[in-house]
Amino acid sequence: LPKELLKASELALNVNGQLQELESRGTGAIGMLAWRLLLRTPEFPEGRSLVLIANDVTHQAGSFGVAEDHFFKKATEYARQRGLPRVYIACNSGARVGLVEEIMPKLRVHWNDAADPSKGFQYLYLTEADYKSLPSGAVIGKLVPGVGYALDAVVGQGLSSIQGGIGVENLQGSGSIAGETSRAYQDIFTLSYVTGRSVGIGAYLNRLGQRVIQSVDGPLVLTGYGALNKLLGKSVYFSQDQLGGPQIMVPNGITHQLVQNDQEGAEAILKWLSFVPRDTWSLPQSISSTDPLDRSVEFRPTKQPYDPRHMLAGTTTGNGKWLSGFFDRGSFVEYMAGWGRSVVVGRARLGGIPMGVIAVETRNVERRIPADPGNPESREIVEPQAGQVWFPDSAYKTATAIRDFNVGENLPLMIFANWRGFSGGTRDMYGEVLKFGAQIVDALVDYKQPVFIYIPPEGELRGGSWVVVDPAINPDVMEMYADQDSRGGILEPAGVVEVKFRAAQHRELMHRLDEQLQQLDEQMKTSPSEEVQQEIQAREEMLQPLYTQVACEFADLHDRAGRMKAVGAIKESLEWHSSREFFYWRLRRSLLEKGLIRDLRAADSAMNQPVAMATVQAWLKEDAGGSCSDRRAVELLQAMSAKEKVRSVHAKAVKRQFHEVCDELVRSGQLGSLGRCFFRCLVPNRADCAVPPLREETPAPRVTPAPLPGLLGKVQVEKKPA
């Protein structure tokens, strides 16, 4: 165990306005603090850095003034420039509000009737002596002879009470840090812990950083309940929790995780960071797993509704027996559990490798919308939601989780796809289910790490729910698999039978297969009668339920994994008990190949993704002597002299670029025959540095034999006719 688990250096602005690290403590004179922390954790025993920003609630209630906004922005920029995780500890009272205190003792009122103030006043003013005693620009007013200066605006310029901001200048600063926080979410890992009340811009900063851990004592509000009561003209709200407490922020998806106190909050931050890479350019850190890679997945999904968390994390049966789940034991952490409850999202480890995970709730759940105390007519609304269906909130939750996994966390993603479709009723269409479903596609299009979609045992993926997770959305990173006992199709068998295997086709099948009906048909041919016709009709009615089952079974045969693979809709059909080991090696291979592809494309900027992938696969095939398993590919990729191969690709790319420059200089008339000869002598053998053909690229210029072979080269670019 390291002797020093935590090292903190306070960040402070120097005379040049830049942040610098200080060993001293408590040097700040404003209501905002920041540190660069070095944490030694099981994932990073040598240490990892992060930037911690916090409100100082002891300084003007933690409000945001100009200085606090500037410092917050600088600290966030510091984290972004270094690609470091940024954690914000929120406890504040929003943008700072104030008045110019020096003017209050000098303020005068010009009444309509000095003897009767109830008649109102015309304006506020300062005497000429008081006006002239103030610094220039402190107020804006016009001279009223015999009275003084009627005030048009109070500015406070040059007065000490406006230091740090008292009004719109603070709102300007709030806009600045709002924009910076939004950019930070796109660039680095951002996480907020709401330890106490967070108001206005303080609440927005948490949301703009997206990932939020909330303490039960830390409401997120835009306006205090007292101000709302004044607006309504009556006492309606009695606490901030009614506006932004956990009972509001957990079900609406703002809060990802709820904790009871700061001890739990610190533990939650560290747990979340365990899934996060060292910096924005790295992959999450793998650790050794004590859970065997090759063990079976013992908990098996059933056709009956079940808790999907048992599939992911395992469970203990009623008699005390442990049934293992898909991921490493004890590694699964659920987030956003109270929102969009028909979908389960979280983070876990597979063989020690961090992953994002999305699964489907198969049981029926309820969505509750609380009554608003401000509206006496409102009532609590309880909306039932069926399992295996995407609703507006769960579709939005899915898209949000995918974005969070991808941006700043760089997590590979595992989707256990078991959806029958989207809820398309009037209420949910009005609730924008179509928009949120489209956002799932948008999030997957931008995904950078491997994505595995797996239809689990007894699961099904149909219609629009298949469309929004199909690998064709982002084929460079997405792959789809199906369990041997899963189903996939447009409609469920009963729906297909209703439109494609109708009553007439049922009767035709009955008469072709049922011997009794065949005999009755013969009787109708030889001696037709009403009695025989009635017997036929009675027999058909008796067989109808059975042949409906036959038709559904026939339709079901079209939805099985065998057909999915045969038509190329999935990559492979799998067995559930061995799926853990399969995906571990598939993930390891994908990550290694992705790293090599990234290096190849950096070495040769003209190489696109398909060409780089084909190059890697050719190297693997050459080393393996043919195709190989994922496990064998991992062994070969780890043993491969990748650096030398990448250097060779880079050298060829440089040569090609050298010749391209030469050709361009010749075409532009800036390089004569002697210069071209010099170029060819420096870099001969142009053929061996040609880039592999790229898809949808403009063909290279045609060439013809040069009139002067030898040192001047064997080819020259054909000139266009005048």
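Look above for the structure.
Residues numbered from 1 in each chain as written. Predicted model: local features only at pLDDT ≥ 70, side-chain atom pairs only at ≥ 80, totals over all residues. Heavy atoms only, no water.

Peer 1: Got a minute to help me understand the pattern of salt bridges in this structure?
Peer 2: Pairing between side chains becomes possible if they bear opposite charge and their charged atoms approach one another. Across all of its chains, the model carries 46 salt bridges by this definition. With a shortest N-O distance of 2.8 Å, E409 and R347 are connected by a salt bridge. Taken together, the residues span a long stretch of sequence, with E409 in the loop between α10 (392-406) and β23 (413-416) and R347 in strand β18 (residues 343-350) at a distance of 62 residues. For the salt bridge of E664 with R667, the shortest nitrogen-to-oxygen distance reads 3.1 Å. You can see E664 and its partner R667 sitting in helix α22 (residues 642-667), 3 residues apart, about one turn around the helix. The partly exposed category is assigned to R667, whose relative accessible area is 48%. Sharing partners across several salt bridges, the network here consists of D307, R309, E334, E361 and R363. (Salt bridge = Lys/Arg side-chain N within 4 Å of Asp/Glu carboxyl O. Helix = DSSP H or I, 4+ residues; strand = E, 2+ residues; numbered from the N terminus. Buried < 20%, exposed > 50% of the residue type's maximum accessible area, 1.4 Å probe, protein only.)

Peer 1: Even after reading the chapter, I still don't get a nonpolar patch on the surface, so can you show me in this structure?
Peer 2: A cluster of nonpolar side chains, namely L107, V109, W111, F121 and L124, defines an oily patch on the protein surface of about 410 Å² accessible area. For the nonpolar patch, the secondary-structure elements that each account for two or more residues are β6 (108-111) and β7 (121-126). Following the sequence through the fold, W111 ends up in strand β6. We classify W111 as partly exposed; its relative accessible area is 34%. (Patch = residues over 30% accessible without salt bridge, like charges linked within 9 Å, V, L, I, M, F, W, Y side chains within 5 Å. Areas by Shrake-Rupley, 256 points an atom, 1.4 Å probe, with all protein chains shown as cover.)

Peer 1: Looking at this structure, I do not really get the nonpolar core. What am I missing?
Peer 2: The nonpolar side chains of a soluble globular protein tend to be buried, and buried together. Formed by 36 residues in total, the largest nonpolar core has its most connected members in I358, L413, W419 and V451. Mapped by element, the contributors of at least two residues to this core are β18, β19 (353-360), α10, β23, α12 (433-445), β25 (451-455), β27 (478-483) and α18 (561-566). With 5 residues, the single largest contributor to this core is α10. Residues in contact with L413, not counting those within four places in the same chain, are M355, G356, V357, I358, I402, F405, L444, Y447, P450, V451 and F452. Listed in part, the 29 residues of the second largest apolar core include L323, A359, F452 and W585. (Core = buried A, V, L, I, M, F, W, Y, C linked by side-chain atoms within 4.5 Å. Contact = heavy atoms within 4.5 Å.)

Peer 1: Looking at this structure, how should I read the sheet that holds strand β3 (residues 32-39)?
Peer 2: Overall, mixed pairing links the 8 strands, which are arranged β2-β1-β3-β4-β5-β10-β12-β14 in an open sheet. Of all the strands in the sheet, the pair left with one neighbour each is β2 (19-22) and β14 (257-259). On average, each strand axis in the sheet is tilted by 25° relative to the strand beside it, whichever way the strands run. Relative to strand β10 (residues 190-194), strand β5 (residues 86-90) runs parallel, the two being bridged by 5 bridges. (Pairing = 2+ DSSP bridges. Axes fitted to C-alpha atoms, helices over the stretch in contact; angles between N-to-C directions.)

Peer 1: Any chance you could explain helix α1 (residues 66-82) here in plain terms?
Peer 2: Each turn of an α-helix holds 3.6 residues, which means side chains three or four residues apart point in the same direction. For α1, with 17 residues, the first-to-last C-alpha span of 25 Å sits near the 24 Å given by 1.5 Å per residue. For α1, the full list of buried residues reads E68, D69, F71, F72, K74, A75, T76, E77, Y78 and A79. Two residues or fewer past α1, G83 is found with a positive phi of approximately 70°. (Expected span 1.5 Å × (residues − 1).)

Peer 1: Would you explain the packing of helix α19 (residues 579-603) against α22 in this entry?
Peer 2: Helices that pack against each other are described as a pair by the angle of their axes relative to one another and the distance between those axes. The geometry of α19 relative to α22 is characterised by a closest axis approach of 8 Å and an angle of 25° between their N-to-C directions. Between α19 and α22, the angle is such that the two are roughly parallel. Two packed elements cross with a definite hand, and for α19 against α22 that hand is right-handed. Contacts from L596, D599, L600 and A603 of α19 reach α22 at A642, V646, V649, H650 and A653. Counted by class, the contact of α19 with α22 contains 7 nonpolar, 1 polar and 1 charged residues. (Parallel < 35°, antiparallel > 145°, perpendicular 65-115°, else oblique. Left-handed = near helix turned anticlockwise from the far one by under 90°. Nonpolar A, V, L, I, M, F, W, Y, C, P; charged D, E, K, R; others polar.)

Peer 1: Before we go on, may I ask you to explain the packing of helix α15 (residues 503-513) against helix α16 (residues 515-526) in this structure?
Peer 2: The geometry of α15 relative to α16 is characterised by a closest axis approach of 5 Å and an angle of 90° between their N-to-C directions. If you check the angle between α15 and α16, you find them roughly perpendicular. Between α15 and α16, the residues in contact are M510, H511, R512 and L513 and E515, L517, Q518 and D521, respectively. By residue class, the composition of the contact of α15 with α16 is 3 nonpolar, 2 polar and 3 charged.

Peer 1: I tried to follow the packing of aromatic side chains on my own but got confused; where do I start?
Peer 2: Remark: the centre distance and the inter-plane angle together describe each pair of aromatic rings, the angle taken between the planes. Going through the model one piece at a time under the given rule, you end up with 27 aromatic pairs. For the ring pair Y131 and Y149, a centre distance of 3.7 Å and an interplane angle of 10° mean the geometry is stacked. Of the two residues, Y131 sits in helix α2 (residues 128-133) while Y149 sits in strand β9 (residues 148-154), which places them 18 residues apart along the sequence. Take Y131: its relative accessible area is 23%, and that puts it in the partly exposed class. On the accessibility criterion, Y149 (14% relative accessible area) is buried. With 4.6 Å between their ring centres and 10° between their planes, Y396 and F436 make a pair best called stacked. Taken together, the residues span a long stretch of sequence, with Y396 in helix α10 and F436 in helix α12 at a distance of 40 residues. Looking at Y396, the relative accessible area reads 24%, which means it is partly exposed. Positioned above the aromatic ring of Y335, the side-chain terminus of R347 is 4.7 Å from the ring centre. In this arrangement the basic side chain of K645 is found over the ring face of W619, its NZ or CZ atom lying 5.1 Å from the centre. (Phe/Tyr/Trp six-rings, centres within 6.5 Å; stacked < 30°, edge-to-face > 60°. Lys NZ or Arg CZ within 6 Å of the ring centre and 35° of its normal.)

Peer 1: Please clarify how the sheet that holds β6 should be interpreted in this entry.
Peer 2: Pairing is antiparallel across the open sheet formed by 4 strands, whose spatial order is β6-β7-β9-β8. Both outer strands of the open sheet, β6 and β8 (139-144), are each paired with one neighbouring strand and no more. Across the sheet, the axes of successive neighbouring strands diverge by a mean angle of 45°, strand direction being ignored. Relative to β7, β6 runs antiparallel, the two sharing 4 bridges. Each bridged residue has a counterpart across the sheet, and for H110 the counterpart in β7 is Y123.

Peer 1: Quick question: what am I supposed to make of the pairing of β3 here?
Peer 2: Walk down a regular strand and you will see the side chains alternate between the two sheet faces. Counting buried positions along β3 yields 6 of 8 residues, so the element is predominantly enclosed. Both strand β1 (residues 6-13) and β3 contribute to a ladder of 5 bridges, which runs antiparallel. Residue pairing in the sheet places S9 in a bridge with R36 of β3. Here 8 bridges tie β3 to strand β4 (residues 48-55), and the two strands are oriented antiparallel to one another. The residue of β4 that forms the bridge with L33 is A54.

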